[in-house]
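Chains, contacts and geometry: an overview
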Amino acid sequence: MTPRLRTALTELVGIEHPIVQTGMGWVAGPRLVAATADAGGLGILASATMTFAELEAAITKTKAHTGKPFGVNIRADAADAAERIELLIREQVKVASFALAPKQELIARLKDAGVVVIPSIGAAKHAVKVASWGADAVIVQGGEGGGHTGPVATTLLLPSVLDAVDIPVVAAGGFFDGRGLAAALSYGAAGVAMGTRFLLTRESTVPDAIKQEYLRRGLQDTVVSRKVDGMPHRVLNTELVARLEHSGSWRGLSAAVGNAARFKSMSGMTWSALIRDGLAMRKTKDLTWSQVIMAANTPMLLKAGLVEGNTDAGVLAAGQVTGIIDDLPTVTDLIDRIVTDAVTRIDALAALRTTQPTG
């Protein structure tokens, strides 16, 4: 039987283990989320790459496969963020996760309805802000993490956030095993969040050939690129990424415009909705228009790689832990061994303490 670790996160959300599966676009669907929930962790659906109707269907499918708590990640700057929040409330989803700080009134609406609010943040000052607005906890991702990431390593970013706020802090960026969970708890975190590690499980719907591409890579095989969408984005260093890195700005922008048009067609969004999202992104992220256009590039590049398995046309978001992961366990086996190993290491640390005089 898997041992248990009780933390502020497990108490807040009502889960068995302090492990979060992050809301990775095109990866965190009902199958993976339900498996994580059933294994005792917190699975988070990724809705940024879903239409409203697709999100409705995904929530229904997840609830059909698990009766345990799960979450949904929402883009706080999306034009229909308020409608999506009402959907979460109506469907009694336990956790609302945000990649960007949600507006104070959105946090208040969710909390009034009993939904736990957990934004992801990249700096202590952002944690202070969302905590003052009523966020229940935060996920803090260090520079080792995949996808959009910052320059500060988890080992420095995590303690800076822990010193700044009194709400539970979940550590992300570089975690994949029980050693990491034990270390995060030792820092004072309430748990860990993992993306790449859950991507590389049997329940992940990423094509097998792409999973093998991840597994064969080493610790030096990711790169933080601004050529994907104009913002720092950690991805596998593929031939496409290498070409993007050496391409001129106009070439990247022209490709982005084409991909934005394809994303519009796929998502059913109108041009006016895309423009509204772009205006919101400019305001919340302080982006130039060229960066906004390139940001529209991201969903299609990720879809080509993570869904269609085409690395010639797509990119593969990847944390640095890619280079140290070497297997594809089930989600249940993964969580069980992480928690078991963490407890063993915590017990071993406790055994180091002595009250006997030295010398």
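Attention in this report is confined to the structure presented alongside it. (Residues numbered from 1 in each chain as written. Predicted model: local features only at pLDDT ≥ 70, side-chain atom pairs only at ≥ 80, totals over all residues. Heavy atoms only, no water.)

Each helix and strand in the protein was counted, giving 16 helices and eleven strands. Residues classed as buried in the protein amount to 54% of the 359 residues present. Across the protein, contacts joining residues at least 24 apart in sequence account for 62% of those joining residues at least 6 apart. When the accessible surface of the protein is split by element, carbon and sulfur atoms take 54% of a total near 15,900 Å². (Helix = DSSP H or I, 4+ residues; strand = E, 2+ residues; numbered from the N terminus. Buried < 20%, exposed > 50% of the residue type's maximum accessible area, 1.4 Å probe, protein only. Contact = heavy atoms within 4.5 Å. Areas by Shrake-Rupley, 256 points an atom, 1.4 Å probe, with all protein chains shown as cover.)

What follows is about the packing of helix α4 (residues 81-90) against helix α5 (residues 104-112). With their axes 10 Å apart at the nearest point, α4 and α5 run at an angle of 15 degrees to one another. What the angle tells us is that α4 and α5 run roughly parallel. Between α4 and α5 lies a crossing of right-handed hand. Residue-level inspection shows Ala-82, Ile-85, Glu-86 and Ile-89 of α4 in contact with α5, the latter providing Leu-106, Arg-109 and Leu-110. Partitioned by chemical class, the residues of the contact of α4 with α5 number five nonpolar, no polar and two charged. (Axes fitted to C-alpha atoms, helices over the stretch in contact; angles between N-to-C directions. Parallel < 35°, antiparallel > 145°, perpendicular 65-115°, else oblique. Left-handed = near helix turned anticlockwise from the far one by under 90°. Nonpolar A, V, L, I, M, F, W, Y, C, P; charged D, E, K, R; others polar.)

Its place among the elements puts Asp-163 in helix α7 (residues 154-164). Residue Asp-163 is classed as exposed on the basis of its relative accessible area, which comes to 72%. Taking C-alpha positions, Asp-163 is 9.6 Å from Gly-188, a pair spaced 25 residues apart along the chain.

Taken together, three strands build an open sheet; the order of strands is β7-β11-β10 and the sheet is antiparallel. Looking at which strands have only one partner, the edges of the open sheet turn out to be β7 (147-148) and β10 (222-225). As judged from the four bridges shared by β10 and strand β11 (residues 233-236), these two strands associate in the antiparallel manner. Each bridged residue has a counterpart across the sheet, and for Val-223 the counterpart in β11 is Val-235. (Pairing = 2+ DSSP bridges.)

Before going further, it helps to examine the pattern of salt bridges. If you walk through the whole model with that rule in mind, you get 13 salt bridges. Here Arg-179 makes a salt bridge to Asp-177, at a shortest N to O gap of 2.7 Å. A relative accessible area of 43% means that Arg-179 is categorised as partly exposed. Salt-bridge contacts for Arg-197 lead to Asp-327; the nearest nitrogen and oxygen are separated by 3.0 Å. Here Arg-197 is found in helix α9 (residues 196-199), whereas its partner Asp-327 is found in the loop between α15 (298-306) and α16 (331-351), with 130 residues between them in sequence. In this structure Asp-327 comes out as partly exposed when scored by relative accessible area, which is 21%. (Salt bridge = Lys/Arg side-chain N within 4 Å of Asp/Glu carboxyl O.)

Burial along strand β8 (residues 169-172) is two-sided: the residues Val-169 and Ala-171 and Val-170 and Ala-172 are all buried. Of the pairings in the sheet, the one linking strand β6 (residues 138-141) to β8 comprises four bridges and is parallel in character. Bridge pairing in β8 places Val-140 opposite Ala-171. Judged from the three bridges that link them, β8 and strand β9 (residues 191-194) form a sheet pairing that is parallel. Among the inter-strand pairings, Ala-172 is bridged to a residue of β9, identified as Ala-193. In this fold, β8 hands off to helix α8 (residues 178-187), which returns the chain to β9; that crossover is right-handed. (Right-handed = clockwise from strand over helix to strand, strands pointing away.)

With that settled, the discussion passes to helix α3 (residues 52-65). In an α-helix, one full turn covers 3.6 residues, which means residues spaced three or four apart are oriented alike. The end-to-end C-alpha distance of α3, which contains 14 residues, comes to 20 Å, matching closely the 20 Å that a straight helix rising 1.5 Å per residue would cover. Listed in full, the buried residues belonging to α3 are Leu-55, Ala-58, Ile-59 and Thr-62. Here the buried residues of α3 occupy an arc of 100 degrees about the axis, which is enough to place them on one side. Exposed positions of α3 whose direction lies more than 90 degrees from the buried face are Ala-53 and Ala-64. (Expected span 1.5 Å × (residues − 1). Arc of directions from axis to C-beta.)

A few words on the side chain of Arg-217. For Arg-217, the location among the structural elements is in the loop between α10 (208-215) and β10. Exposure remark for Arg-217: the relative accessible area of 11% places this residue in the buried category. Within polar-contact distance, the side chain of Arg-217 engages the backbone oxygen of Asn-237 at 3.4 Å. Ignoring any residue separated from it by four or fewer positions in sequence, one finds Arg-217 in contact with Leu-236, Asn-237, Thr-238, Thr-322 and Gly-323. (Polar contact = N/O pair within 3.5 Å; in protein donor to acceptor, adjacent residues only side chain to side chain.)

In this section: unusual backbone geometry. The residue Trp-26 is not glycine, and still its phi comes out positive at about 70 degrees. Assessed through its relative accessible area of 18%, Trp-26 is described here as buried. Residues other than glycine seldom take positive phi values, yet Gln-92 does so here, at roughly 55 degrees. When you line up the elements, Gln-92 lands in the loop between α4 and β4 (95-98).

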